[in-house]
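Read off the chains here:
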Amino acid sequence: MKRNSIVMRKTKETDISITLNLDGDGSGNIETGIGFFDHMLEGFSRHGFFDLDAKVTGDLHVDGHHSVEDTGIVFGTAIKEALGDKAGIRRYGSVILPMDDALALCAIDLCGRPYFAFDCEFTAEKVGDLDTELVREFFYAVSYSAGMNLHIKMLSGMNNHHMIEAIFKAFAKALDEATRKDERIKDVLSTKGSL
């Protein structure tokens, strides 16, 4: 059974289309209009072995907020739809990932109940043309639209580029682990019988 999805969302502020394959090889085609954000989503795709196509047109003449937040909403929805009934998945994933001076922790539970914790302080307002405060907004939107419990914590780091890149790569690796099938799991990994 294929685990992929196509999700589109159009508002007065953004027009977004995302195609996601959870069982890909890490190929992607990303166009958000924000170069550093493209780079982070490309890293997510490659390091998580997810095929991700994202086409985002947003009101960047205002700022990047709507584009980044709405991409998170659509991306989280794409994850949720691609997972389907979640039968056979490991459900949990976690990683501590180094990126030069940065060390990021990411832990995920694909439980269907959204919760988001983010412990990271940036010292620069922007990296490239991405406002650093939007990193939190993106992952908040992903966690709530996907219905995932998501914890992100920066254990150490000085360079804001490295810190953000470590977060996206850690998220990719943790999500890869959580979405992976395990032959020992016959239905869903829950005493309730559903996720």
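This text follows the structure it describes.
As the structure is a prediction and not an experimental result, all values here were calculated from the model.

### Quick look at the packing of aromatic side chains
Counted according to the given criterion, the structure contains 12 aromatic pairs. Ring geometry for phenylalanine 44 versus phenylalanine 50: centroids 5.0 Å apart, planes at 15°, classification stacked. In this structure, phenylalanine 44 and phenylalanine 50 share a single accessibility class: buried. Here phenylalanine 116 and tyrosine 140 contribute two aromatic rings whose centre-to-centre distance is 6.1 Å and whose plane-to-plane angle is 75°, an arrangement assigned as edge-to-face. With a gap of 24 residues between them, phenylalanine 116 in strand E7 (residues 115-119) and tyrosine 140 in helix H3 (residues 133-146) connect regions that are remote in the sequence.

### Topic: H3
Between its first and last C-alpha, H3 extends 21 Å over 14 residues, near the 20 Å set by a 1.5 Å rise per residue. Along H3, the positions that sit buried rather than exposed are Leu134, Val135, Phe138, Phe139, Ala141, Val142, Ser143, Ser145 and Ala146. Against helix H1 (35-48), helix H2 (65-83), E7, strand E9 (130-131), strand E10 (149-156) and helix H4 (160-179) lie the buried residues of H3. Backbone geometry just after H3 places glycine 147 at a positive phi near 70°.

### Digging into the nonpolar core
Nonpolar side chains tend toward joint burial in soluble globular proteins. In terms of nonpolar packing, the biggest core is built from 57 residues, with Phe75, Ile79, Ile108, Phe139, Met148 and Phe171 touching the most fellow members. In terms of residue count, H4 provides more of this core than any other element does, 11 residues in total. Excluding residues that lie within four positions of it along the chain, phenylalanine 139 makes contacts with Phe116, Leu150, Ile152, Ile167, Phe168 and Phe171.

### Considering the pattern of salt bridges
Note that side chains of opposite charge can pair when their charged atoms are close. Counting across every chain of the model gives 10 salt bridges. As a salt-bridge pair, aspartate 119 and lysine 153 come within 2.6 Å of each other at their nearest N and O atoms. Taken together, the residues aspartate 119 in strand E7 and lysine 153 in strand E10 connect sequence positions 34 residues apart. Where aspartate 182 meets arginine 184, a salt bridge forms, and the shortest distance between an N and an O atom there is 2.7 Å. The exposure class of aspartate 182 is buried, given its relative accessible area of 10%. A relative accessible area of 70% means that arginine 184 is categorised as exposed. Through salt bridges with shared partners, a single ionic network connects Arg90, Asp182 and Arg184.

Conventions adopted
- Residues numbered from 1 in each chain as written.
- Predicted model: local features only at pLDDT ≥ 70, side-chain atom pairs only at ≥ 80, totals over all residues.
- Heavy atoms only, no water.
- Phe/Tyr/Trp six-rings, centres within 6.5 Å; stacked < 30°, edge-to-face > 60°.
- Buried < 20%, exposed > 50% of the residue type's maximum accessible area, 1.4 Å probe, protein only.
- Helix = DSSP H or I, 4+ residues; strand = E, 2+ residues; numbered from the N terminus.
- Expected span 1.5 Å × (residues − 1).
- Contact = heavy atoms within 4.5 Å.
- Core = buried A, V, L, I, M, F, W, Y, C linked by side-chain atoms within 4.5 Å.
- Salt bridge = Lys/Arg side-chain N within 4 Å of Asp/Glu carboxyl O.

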